[in-house]
Amino acid sequence: MQMAISARPGLNSDIVTFLSHDVLWIVDRQTGGLIKKILLGFVPASPPTPVGNRVYIGSYDEYLYAYNWQRELRDWRYKTNGIITSKPAFLSPFLFFASQDSTIYVLRETAGTTHSKYHTVGPVTADLVNTMRTVYAASRDFGVYAIGSALQWKFMADDALTLSPIRIGSRGPDEEDTVYAIDKQGVLYAIDPLYGTERWRMDHVHRYLFRGKGHDFVLRRNRTLASIDNRTGEN
C-alpha cells in the first residue's frame, strides 16, 4: 500500500487512521490490511482521532467533523471561527479540540454539543495531549492548560508554546510525575501535574526525548544529548 500521507496518523486499539489529502484510510492495526478508503468531501487540516466507529477531524473550513467511518456518513460537525490544525483528544465523555480562533472547546462526544469553552489570548496549534484524567494544551499565549471536566490549572511560560506538552508518569520513589513544555526560546519547563507550578527549567532545549531510570533525556539546541535528574533538573 502506497500513499502520500498528509497528516500524522491516529489510532485506537483496533484501527489506524491516515489522511491523504481529502481521503480517509482505515487500516487494521493488527494486520495492516485496508478496511476502508473514504472520500471525505472536505479538506482536513488536523490529524485524525479515532474513537469507536467515529473519526474526528479538524478542517480548513473551520468545522470539526465527526465522521462515522463504518456508515461512511458524517454524524455531526461543529463550527468555530478558525482553522483547526491541532489533533483532537478524547477523554470520556468529552471531546477536546482547539481552533485558531483562540479557543479550546470541550464537547459532549456523542452529540457534538458544547460543554465548555476556554478562551486563549493566542491560538493553539500544537496537538492536544490526553492522559487518564486530564487533557493538556499548549498555546501561543505562553500558557499550558490542564483541563478535565473543568479547567484545573494554567501555567505561564516566558514565550509562545508551539510544541505539544508531554506528561511523564513516575515509576518509583526516585522519579516525579511531570508535565514538560518547551517554549520558542528553547526553555524546557518541568511542571507539577497536580498544581501546575514550576519545579525547574532548563535553557537551550530542542526536544524532550524519553525517561530513563531516575533521569530524563533531552536533545539540546547544539544537538547534544543531556541527561537530567527529573526531580531537580540537574545534569
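Just above sits the structure.
Peer 1: When you look at the pattern of salt bridges in this model, what are you seeing that I'm missing?
Peer 2: Summed over all chains, the structure comprises 14 salt bridges. Notably, a salt bridge pairs Asp192 with Arg199, separated by 3.2 Å at the nearest N-O pair. Residue Asp192 is classed as buried on the basis of its relative accessible area of 13%. Across the salt bridge formed by Asp229 and Arg231, the nearest N and O atoms sit 3.4 Å from each other. One network of salt bridges, in which partners are shared, links Arg54, Arg71, Asp75 and Glu109.

Peer 1: Please explain the environment of Ala111 as it appears in this structure.
Peer 2: Within the secondary structure, Ala111 sits in the loop between β11 (103–108) and β12 (113–119). Overall, the relative accessible area of 45% leaves Ala111 in the partly exposed class. Along the chain, Ala111 and Ala66 lie 45 residues apart, while their C-alpha atoms are 9.6 Å from each other.

Peer 1: Please clarify how a nonpolar patch on the surface should be interpreted in this entry.
Peer 2: A cluster of nonpolar side chains, namely Leu209, Phe210 and Leu225, defines an oily patch on the protein surface of about 290 Å² accessible area. Along the chain, Leu225 turns up in strand β23 (residues 225–229). The exposed category is assigned to Leu225, whose relative accessible area is 55%.

Peer 1: Looking at this model, I keep getting lost on the pairing of strand β10 (residues 94–99). Mind explaining?
Peer 2: Regular strands place side chains that alternate from one sheet face to the opposite one. Of all the six residues making up β10, six are buried; the element is thus mostly covered by neighbouring parts of the structure. Covered by surrounding structure in β10 are Phe94, Phe96 and Ala98 together with Leu95, Phe97 and Ser99, the residues of both alternating faces. Where strand β9 (residues 89–91) and β10 come together, three bridges link them in antiparallel fashion. Paired with Ala89 across the two strands is Phe96, which belongs to β10. A loop of two residues connects β9 with β10, the two strands running antiparallel in sequence. Sheet topology places β10 next to β11; six bridges connect them, and they run antiparallel. Bridge pairing links Phe97 to Tyr105 in β11. From the end of β10 to the start of β11, which pair antiparallel, there are three residues, and Ser102 there has a positive phi angle of about 65 degrees.

What counts as what
By convention here, each chain's residues receive numbers from 1 onward along its written sequence. The model is predicted, so local features are restricted to residues of pLDDT at least 70 and side-chain atom pairs to those at 80 or more, both for listing and for counting; the totals for chains, interfaces and linings are taken over all residues. Here the side-chain values reflect all heavy atoms present in the structure, with hydrogen atoms and water set aside. Any Lys or Arg side-chain nitrogen found within 4 Å of a carboxyl oxygen on Asp or Glu counts as a salt bridge. We call a residue buried when its accessible area falls under 20% of the maximum for its residue type, exposed when it is over 50%, and partly exposed in between, using a 1.4 Å probe and counting protein chains only. Strands here mean DSSP runs of E at least two residues long; helices mean DSSP runs of H or I at least four residues long; both are numbered from the N terminus. Each patch is built from salt-bridge-free residues with over 30% relative accessible area, joining like charges within 9 Å and nonpolar side chains (Val, Leu, Ile, Met, Phe, Trp, Tyr) within 5 Å. Every accessible area reported is derived by Shrake-Rupley at a probe size of 1.4 Å, with residue values counting cover from the shown protein chains alone. Strands were regarded as paired on the criterion that DSSP finds at least two bridges between them.

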